[in-house]
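Observations on the three-dimensional arrangement
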Amino acid sequence: MSVQTKLYEGKAKVIYSTEEPEILLADFKDDATAFNAQKRGTIQNKGVINCTISSKLFQELEALGIKTHYIDTPAPHQMRVKAVKIVPLEVVVRNIAAGSLCQQTGLALGTVLKKPLVEFYYKNDQLGDPLLTHERLLLLELATVEQVETITHLALQINQFLRDFLARCDITLVDFKLEFGLDSQQQILLADEISPDTCRLWDTSQETDPNLRVLDKDRFRKDMGNVENAYQEVLNRILKAVESKN
Ligand code: TMP
Ligand code: ASP
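Just so you know, these numbers come straight off a predicted model, no measurement behind them. (Residues numbered from 1 in each chain as written. Chains lettered and ligands numbered in written order. Predicted model: local features only at pLDDT ≥ 70, side-chain atom pairs only at ≥ 80, totals over all residues. Heavy atoms only, no water.)

1. Section: the sheet that holds strand β6 (residues 70–75)
Here 5 strands make up an open sheet; going across it, the order is β1-β2-β3-β7-β6 and the pairing antiparallel. A strand with exactly one partner marks an edge of an open sheet, and here the two such strands are β1 (6–9) and β6. Here the strands of the sheet are splayed against their neighbours by 25° on average, with no regard to which way each runs. (Pairing = 2+ DSSP bridges. Helix = DSSP H or I, 4+ residues; strand = E, 2+ residues; numbered from the N terminus. Axes fitted to C-alpha atoms, helices over the stretch in contact; angles between N-to-C directions.)

Laid out in structure tokens, this is it:
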């Protein structure tokens with residue numbers, strides 16, 4: 001497969017066209033950014049780790065009947081994906097209060113939510129990805145009412161799967177961000193990635209220690225150290241869980 005034009009370079013991935021118009025190649029980078037790219041750095045081997053984790057999780061989701069953009073993994077840091085038009089929403093699902101939920105509501109870090117909270121943020125770097133109300137989302141025509149319903153349903157299904165799967169890895173799923181896209185038949189597919197960049201993951205057996213428990217990008221955001229080790233640990237545990245199932 002010969003790689004063609006670079007179509008788009010994001011903060012964590014470069015997207016290339018391929019010989020087939022309906023197929024794109026996502027190349028996962030080691031670059032890390034936070035706070036809308038005000039903080040920049042590198043996490044060694046992150047491209048390979050995040051590509052591998054995302055590939056495994058997309059395969060598991062596909063096996064459950066959840067449609068994703070995933071096709072295959074031609075190289076450790078590269079994923080072939082179906083071309084989709086990304087819905088400009090960052091869909092965040094929260095099980096435990098952390099991050100902006102605590103900052104904006106005063107809820108204490110670690111508060112277990114009575115039921116998962118699904119939130120929509122406007123995927124717009126210039127505006128700093130603001131939290132949307134349902135009415136604003138519809139006003140801006142970012143998605144239709146039916147699409148919002150479908151996306152919410154999918155996000156909750158994905159949360160249920162991820163929580164159960166990660167529990168087998170001794171990892172607590174605090175919250176995570178998803179992106180969805182529309183294929184040429186206007187079908188909604190899960191897109192982007194699911195990785196320690198886009199999830200808050202706590203080591204369940206270290207849950208009472210606010211430093212030791214963090215196995216995700218918060219280590220980079222908050223200069224907590226041991227970032228690479230945390231990402232590698234998540235990968236190791238996920239690979240073990242996938243292997244033990246097969
Ligand atoms: P938040 O608490 O900062 O709103 O983040 C919620 C979740 O979304 C958390 O798991 C990290 C993830 N996230 C992204 O993947 N990309 C982003 O740009 C931001 C702000 C959060
Ligand atoms: N990915 C986002 C950025 O750079 C923010 C984050 O993950 O904290 O800017």
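2. Notes on the site of ligand 1
Among the 15 residues in the neighbourhood of ligand 1, the closest are listed as Arg-94, Ser-100, Asp-175, Lys-177 and Arg-200. Take Arg-94: an N or O atom from its side chain is 2.9 Å from an oxygen atom of ligand 1. Between ligand 1 and Ser-100 there is a distance of 2.6 Å, counted from an oxygen atom to a side-chain nitrogen or oxygen. Across the complex, the protein chains shield 77% of the 450 Å² of accessible surface that ligand 1 would expose by itself. Mapped by element, the contributors of at least two residues to the shell around ligand 1 are β9 (89–96), α2 (99–105), β11 (171–182) and β13 (199–203). (Near = heavy atom within 4 Å. Polar contact = N/O pair within 3.5 Å; in protein donor to acceptor, adjacent residues only side chain to side chain. Areas by Shrake-Rupley, 256 points an atom, 1.4 Å probe, with all protein chains shown as cover.)

3. Topic: the pairing of β1
Put simply, side chains in a regular strand alternate between the two faces of the sheet. Strand direction decides the pairing type here: β1 and strand β2 (residues 13–17), joined by 3 bridges, are antiparallel. What sits directly across from Lys-6, in β2, is Tyr-16. Following β1, the chain reverses through 3 residues before pairing antiparallel with β2.

4. Let's talk about the pattern of salt bridges
Scanning the model with the defined rule gives 21 salt bridges in all. For Glu-233, the salt bridge identified is with Arg-237, shortest N-O distance 2.7 Å. In this pair, Glu-233 and Arg-237 both sit in helix α6 (residues 227–245), 4 residues apart, roughly one turn of the helix. Through salt bridges with shared partners, a single network forms among Lys-13, Lys-123, Lys-177, Glu-179, Asp-192 and Glu-193. (Salt bridge = Lys/Arg side-chain N within 4 Å of Asp/Glu carboxyl O.)

5. Quick word on the site of ligand 2
Around ligand 2 sit Lys-11, Thr-33, Ala-34, Phe-35, Asn-36, Ala-37, Lys-217 and Arg-221, and those are all the residues in its vicinity. In this structure, an oxygen atom belonging to ligand 2 sits 2.5 Å away from a side-chain N or O atom of Thr-33. Taking Asn-36, its main chain carries an N or O atom lying 2.9 Å from an oxygen atom of ligand 2. Partitioned by chemical class, the residues of the shell around ligand 2 number 3 nonpolar, 2 polar and 3 charged. (Nonpolar A, V, L, I, M, F, W, Y, C, P; charged D, E, K, R; others polar.)

6. Brief notes about unusual backbone geometry
Look at Asp-129: it is not a glycine, yet its phi comes out positive at around 50°. Even without a glycine there, the phi angle at Glu-141 is positive, about 55°. Position of Glu-141 among the secondary structure elements: in the loop between α3 (134–139) and α4 (145–167).

7. A word on the packing of aromatic side chains
Per the stated rule, a full pass over the model turns up 2 aromatic pairs. Geometry around Phe-220 places Lys-39 over its ring, the cationic atom sitting 5.1 Å from the centre. (Phe/Tyr/Trp six-rings, centres within 6.5 Å; stacked < 30°, edge-to-face > 60°. Lys NZ or Arg CZ within 6 Å of the ring centre and 35° of its normal.)

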